Structure formats: C-alpha cells, structure tokens
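Okay, here's what each chain looks like letter by letter:
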Amino acid sequence: MIDFGCMAVGDPACDLTIAWTLFDGDSRRAFQDGLDLDGDTWTRARGWALWKALKTYEVDLRVYPDRDRSTGRRFGWRTNAPELISQIIDDRRGSPGQ
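About the cut-offs
- Residues numbered from 1 in each chain as written.
- Predicted model: local features only at pLDDT ≥ 70, side-chain atom pairs only at ≥ 80, totals over all residues.
- Heavy atoms only, no water.
- Helix = DSSP H or I, 4+ residues; strand = E, 2+ residues; numbered from the N terminus.
- Contact = heavy atoms within 4.5 Å.
- Areas by Shrake-Rupley, 256 points an atom, 1.4 Å probe, with all protein chains shown as cover.
- Core = buried A, V, L, I, M, F, W, Y, C linked by side-chain atoms within 4.5 Å.
- Buried < 20%, exposed > 50% of the residue type's maximum accessible area, 1.4 Å probe, protein only.
- Axes fitted to C-alpha atoms, helices over the stretch in contact; angles between N-to-C directions.
- Parallel < 35°, antiparallel > 145°, perpendicular 65-115°, else oblique.
- Left-handed = near helix turned anticlockwise from the far one by under 90°.
- Nonpolar A, V, L, I, M, F, W, Y, C, P; charged D, E, K, R; others polar.

Peer 1: Explain the overall build of the chain to me, please; I cannot follow it from the model alone.
Peer 2: Across its full length, the chain carries 4 helices and 2 strands. Written out in order from the N terminus, the α and β elements of the chain read α-α-α-β-β-α. Considering only contacts within the chain whose residues lie at least 6 apart along the sequence, 59% involve residues at least 24 apart. With the model as given, the accessible surface of the chain reaches about 6400 Å², and the carbon-plus-sulfur share is 57%.

Encoded structure:
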C-alpha cells in the first residue's frame, strides 16, 4: 500500500484553494496578484480546489441522495460544491495564463 496523503507537504498550492472557496471574481484576482507565485503553483492550487470540491460533492451525493443539488451543503465559505466546480472551470477557461 502506498499512502499518497503527504505528497504535497510544503507545496503552497495546497493552501491556495482559499482563492476559490473564499474569493470570487475581482477579489480572487487581487488575491492572486498580491502573491508572488508562478502560474504552475496557481494551476496546482486550482487542481486542489477542484479535487476538494469533487470529493465534497461525491460525499454529498452518497450521504444525502435526496438533497436538492441546487442548494447543497456549503463548500468553503460562500458556495456549494457544484457551483465551485463550475467557477473553477470557468476561471480556467477565462484566464489560461493564471
């Protein structure tokens, strides 16, 4: 058995998921602009945020099968997992350099 749980220790991208779970639009761009990090770090951060949102959504589907998906459990501080997934994808489409 291989435990991949600690593979990202020390990678700042793990802590940057807050860019999508707390901020949106202009505030997210200001947050990103305020940190001196390269595009690859932000790409990994987007991947972490997507993974966390997908996992949250999967658990919600399994644990709460009858719940209305349009008003699902909050993920982060501002949105539910399906909304966050859409925003991450839209953000990537709209800003390929970030």
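Peer 1: Would you mind showing me how to read the nonpolar core here?
Peer 2: Note that soluble globular proteins tend to have their nonpolar side chains buried in a common cluster. Grouped together as the largest cluster of nonpolar side chains are 11 residues: Ala13, Leu16, Ala19, Trp20, Trp42, Ala45, Ala49, Ala53, Leu84, Ile85 and Ile88. Listing elements by their share of this core, those giving two or more residues are helix H1 (18–21), helix H3 (39–63) and helix H4 (81–94). For this core, the leading source of residues is H3, giving 4 residues.

Peer 1: Explain the packing of H3 against H4 here, please?
Peer 2: In helix packing, the relevant descriptors are the interaxial angle and the interaxial distance, both defined with respect to the helix axes. Close contact between H3 and H4 brings their axes to 8 Å; oriented N to C, the two are set at 155 degrees. When the axes of H3 and H4 are compared, the pair comes out roughly antiparallel. Read as a crossing pair, H3 and H4 show a hand that is left-handed. Between H3 and H4, the contacting residues are Arg46, Ala49, Leu50, Ala53, Leu54, Thr56 and Tyr57 on the first element and Ala81, Pro82, Leu84, Ile85, Ile88, Asp91 and Arg92 on the second. Class assignment for the residues of the contact of H3 with H4 results in 10 nonpolar, 1 polar and 3 charged.

Take it as geometry only, folks, not as evidence of what the structure does.
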